[in-house]
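Spelled out from the first residue to the last, the chains are:
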Amino acid sequence: MAKKRRRSSKKPIKKTNTFFQNRQNQFVLSVFIMLLAVLLFIAFTSFFTSWKADQSILSEIADKQITAKNWLGKIGAQISNFFLFKGFGIGTIVVPILLFFTGLYILLQVNLIKIRKPWFYGLLGMVWLSLLFGFINLQNPLFSGTVGFEINTVLETYIGKPGIIGLLFITLLGYIIVRFGLTPESIAKLFPKKIPKEFKTANDLDSFEKVTTNSDKKVEDIPLDVYSHKEEILADTNTQTTSVDEKPQAVEEEVEIDINKIVDEKSETENLSDRLLADFGEFDPTLELSNFKFPSLDKLKDYHETISVNSEELQLNKDRIVETLRNYKIGISHIKATVGPTVTLYEIIPQAGVRISKIKNLEDDIALSLSALGIRIIAPIPGKGTIGIEVPNKNPSIVSMRSVIASAKFQNCEMELPIAFGKTISNETFVVDLAKMPHLLMAGATGQGKSVGLNAVLTSLLYKKHPAEVKFVLVDPKKVELTLYNKIERHYLAKLPDTDEAIITDTTKVVNTLNSLCIEMDDRYELLKNAYVRNIKEYNTKFKDRKLNPENGHRFLPYIVLVIDEFADLIMTAGKEIETPIARLAQLARAIGIHLIVATQRPSVNVITGIIKANFPARIAFRVTSKIDSRTILDGSGADQLIGKGDMLYAGRSELIRLQCAFVDTPEVEKITEFIGSQRAYPEAYQLPEYSGEEGGNSLDIDIDDRDKLFGDAALIIVRAQQGSASLLQRKLKLGYNRAGRLIDQLEAAGIVGGFEGSKARQVLVPDELSLRQLLDNEKNNF
C-alpha cells in the first residue's frame, strides 16, 4: 500500500512537469500571464483617477444598473481597491510589471531562476515605499495603502518616529550595499588617485611594467584591480608621450586618474575560478595522453551474422504449440512470433477463462512436442497482456562483439560506463550503464559464457572510455583468464604500490587490494565532503571547472571497476576476509565511482550470501544445472532452462531480459590490448592506497635514519589535531597518499599513533607536545 501511495503521489508531479515542458503550453501560459499583467496595469493606473467615484459602488458589484469609472469596470475597481487602497499603495504598480516580464521569460524560454532577484527586490521595494509614504502621512491614502498606514501606526507606538526614520534608512542602505556589492575598498576607489612621483614619465612607467611582468608569475596571487590600475596609468601616460617629446618642460608631476571598477558580487574564490576557466578553459584529464587513439572496429572479427529462421519452421512451431495446448483443452485466440539470434519468442493470447498456471505447468509437454531444449514460459509477459513461450532456433546465429560496438545505440550513448552485453530476442543491441547498476553479479556453470561476458564488459569500456576516465582492478584466481590485459597495465589498470603484477592472483594480495579500495573509498568521500558535492560526477564537473584547488588535495577521480573472475575460490580460501570488504564496497562505493563485477561458477548460498545479494541489484545468469542455483542468482527459475553458449538472463531492478551475449574471442582481445599497449602510456599503473594489514605495524622499522624528513612535522600535526589519519597529513603537508601512509606507519612504529582500525582514524597515543618532545628525546638517547 505504501508503494502504491508513493507511485500515485509521483504521478501528479510527472504530469505537471510534462505540462510545463510542452512548448504549446508554455506559449499559452506566457500569453495569459502577459495579458493579465497588462490588464492589471490598466486597472491600477485608472484607479488613481477613479478611486473616489468608485468607492461607493464597491459593495454593490451585483447591481447591473450601477457602472464603475475604472477602465476595467467593477472587477478592475475591486482588484485595484484590494491591492492599492487596502494593500501597499502606489508601490503595488511593480506587480503587473514583474508579471509581464515573467510571462516574457516563459515565452523566450529563459530560465525562471533569473527573475527571482527582480521579484525579491521589487516586492521589497513595494513594502518599503508603502512604509515610507505611511510615515510621511500624505493626504492621499493611495500612496501608502492601508498596510503601510497600519504598520507605521504600530511602529510609531513602539519605536517612535526617529526609530522609523532609522529603520527606513538602514533598510535602504542595506539594499544598496547588497544590490551593488559595495565594500569600503570599492567606495574608496571611486575617488581620484595620484600617480606616485617616481612614475612621472612614460619611461619610468615602462620600467615599472617590466618589474611587474617579471614578478607576475602567479596571476591568481595578484588582485584584478592592480591590472586595471596599471592599464589606466599606461593609457593616461601614453596620451602624454607626444607632449613629452615636443615640450619636455611641460610634463606635470601629478596626473588625476578616475578608476571605475566593476564590483563583482561573487566571492574571490569564484572570481579566481572564473578567471582560470576563461584563461585556460576546462581542465582536461585526458591531456597527458591527448594523442591516445581508441581501437578501431577492424580489431574485432566480423562474423556476418544473419538470423536464419525460415517461415516453415515458424509455422510448424506455431501449429505444434496450438495443438499441444488444445490437447489440454486450452484455446488460443491469437499467436505471433518474434525471431531473435538464438531464440524465438511466441506470444499467445489464451481464450477467456483459461488459467495462466495451467499453461505454465505444460513446459515439459511443449518441449516434447517441439523436440527442443530450453523451452521457457513467461506467464504473463510484463507490460503486455500475453503469455510468452521462448523456443530455441534450430540454427542459432552468433552475435559478434563488432556488431554491438558498431551499433548506433552504443556509439551514440551518453552513459558514464556503457556496457554492450549483446542482443535481445527482438535483435536489438542491449546497452546498460554500469554506473547506474551500480554493481553486477555474474554466475553460471562452467563453459556457459562467463569469461566471454567479462571480456565483453571490458571491451565495451575500452572502446568508449579514455585511460584517464576509468581504471580496472582485475582479480583472476585462475591465473589464465585475464592475463591478456597485462599489456594495458600503464593505461587502464590499478594496483597496490610495490607490486610487480597488475593482475591479482594471490589470495593475500586480493585481501590487501580490497581493503586498499576501502581506504580509497573513504578518501574519496572525504574529498566529496570538502567539495560539497554528493557524487563523483558532480565532483569531477566541479574539478574540471577549476573550482577545486589541487593544493588542498583535490584531484580528478577516475572510475574504478573491480572485476573478480572466480569469486567462489576466494570465498573458500579467505572467507570473511573477502566477504566483509566486498560487502562494504557494494554498500557504499557507488557514489564515489567504484563499481564491482563479480563472477562465479558456483552460485550456491555459501558463496553468494544474503549480504552480497542484497547489494548487487543487477545480476546476470548464464545456464546453470538446477532450479536451486537459478533461484540463488535470480530469486526465481529460468536460468536452468537456458541453452548455453552465451544465452543469458539479465535481471536489473524489476525486469528480466533474455539476451544472447556478444562473442569476443581471445585473438580479438589480444589485438585490442596490443594496440592500446603500443601507444604512449602513463609512467606507471594507477596507484591504490597502501595497505599493510592490521598487524603490519608490529614489524615496522624504527630506525631513526630511515625516517622521512617530515617525520617531526607530521608527529607535531598529529598530536596537535589528536587525529591519526593519512588524509590529514596530505592536506597539511601537501603530500601524496603513499608518502602520507608511510609517515603514519613510522608514527605507529614510534608509538605516537595506534594500530590500524579499518575506516576509523588511528588513536593518538601522545596527549600533548611536551610528551612528544620527551618521547623523541628518549628515542635519540636510546639510539
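Rules used in this analysis
Residues numbered from 1 in each chain as written. Predicted model: local features only at pLDDT ≥ 70, side-chain atom pairs only at ≥ 80, totals over all residues. Heavy atoms only, no water. Buried < 20%, exposed > 50% of the residue type's maximum accessible area, 1.4 Å probe, protein only. Helix = DSSP H or I, 4+ residues; strand = E, 2+ residues; numbered from the N terminus. Pairing = 2+ DSSP bridges. Contact = heavy atoms within 4.5 Å. Expected span 1.5 Å × (residues − 1). Arc of directions from axis to C-beta. Axes fitted to C-alpha atoms, helices over the stretch in contact; angles between N-to-C directions. Patch = residues over 30% accessible without salt bridge, like charges linked within 9 Å, V, L, I, M, F, W, Y side chains within 5 Å. Areas by Shrake-Rupley, 256 points an atom, 1.4 Å probe, with all protein chains shown as cover. Salt bridge = Lys/Arg side-chain N within 4 Å of Asp/Glu carboxyl O.

Glancing now at the pairing of strand 12 (residues 559–564). Counting buried residues in strand 12 gives six out of six residues, a clear majority hidden from the surface. Residues Tyr559, Val561 and Val563 of strand 12 are buried on one face, and the alternating residues Ile560, Leu562 and Ile564, pointing to the opposite face, are buried as well. Inspection of the sheet shows strand 10 (residues 470–475) paired to strand 12 by six bridges, in the parallel sense. In the strand pairing of strand 12, Phe472 is matched with Val561. Two elements, strand 12 and strand 13 (residues 594–600), share five bridges in a ladder whose sense is parallel.

For Thr102, the position within the fold is in helix 4 (residues 94–107). Setting aside its immediate chain neighbours within four residues, Thr102 contacts Leu112, Ile115 and Trp119.

The next subject is helix 24 (residues 666–677). Between its first and last C-alpha atoms helix 24 spans 16 Å; for twelve residues at 1.5 Å apiece the expected length is 16 Å, and the two agree. Residues of helix 24 that are buried include every one of Glu668, Val669, Ile672, Thr673 and Ile676, and no others. Projected down its long axis, helix 24 shows its buried positions confined to an angular sector of 125°, all on one face. Those residues of helix 24 that are buried lie in contact with helix 16 (450–464) and helix 17 (489–492).

Attention now goes to the sheet that holds strand 13. The nine strands lie next to each other as 8-7-16-15-14-9-13-12-10, forming an open sheet whose pairing is mixed. A single partner strand is all that each edge strand has here, and the edge strands are strand 8 (429–433) and strand 10. Going from strand to strand, the sheet's axes swing by 25° on average, the running direction of each strand aside. Here strand 7 (residues 418–424) runs beside strand 8; their pairing, made up of five bridges, is antiparallel. Looking at strand 8, one finds that Gly422 is bridged to Phe430. Across the sheet, helix 20 (residues 567–574) touches strand 10, strand 12 and strand 13, and the angle it forms with strand 13 is around 90°. Running over the sheet, helix 23 (residues 627–634) touches strand 9 (440–443), strand 14 (618–621), strand 15 (647–652) and strand 16 (655–661) and is turned about 155° from strand 14.

Attention now moves to the sheet that holds strand 5 (residues 376–378). Taken together, the four strands give an open sheet; going across it, the order is 3-4-6-5, and neighbouring strands pair in antiparallel fashion. Here the strands that pair on one side only, and so sit at the sheet edges, are strand 3 (332–339) and strand 5. For this sheet the average axis-to-axis angle between neighbouring strands, irrespective of direction, equals 20°. This element, helix 11 (residues 311–327), spans strand 3, strand 4 (343–350) and strand 6 (387–392) of the sheet and lies at about 145° to strand 3.

Right, let's talk about a nonpolar patch on the surface for a bit. On the surface, a cluster of nonpolar side chains totalling about 880 Å² of accessible area is made up of Phe169, Ile170, Leu172, Leu173, Ile176, Ile177, Val178, Phe180, Leu182 and Ile187. Sort the elements by how many residues they give to the nonpolar patch and helix 6 (residues 145–180) lands first, with eight residues. Residue position: Ile176 is located in helix 6. Under the relative-accessibility criterion, Ile176 is labelled partly exposed at 31%.

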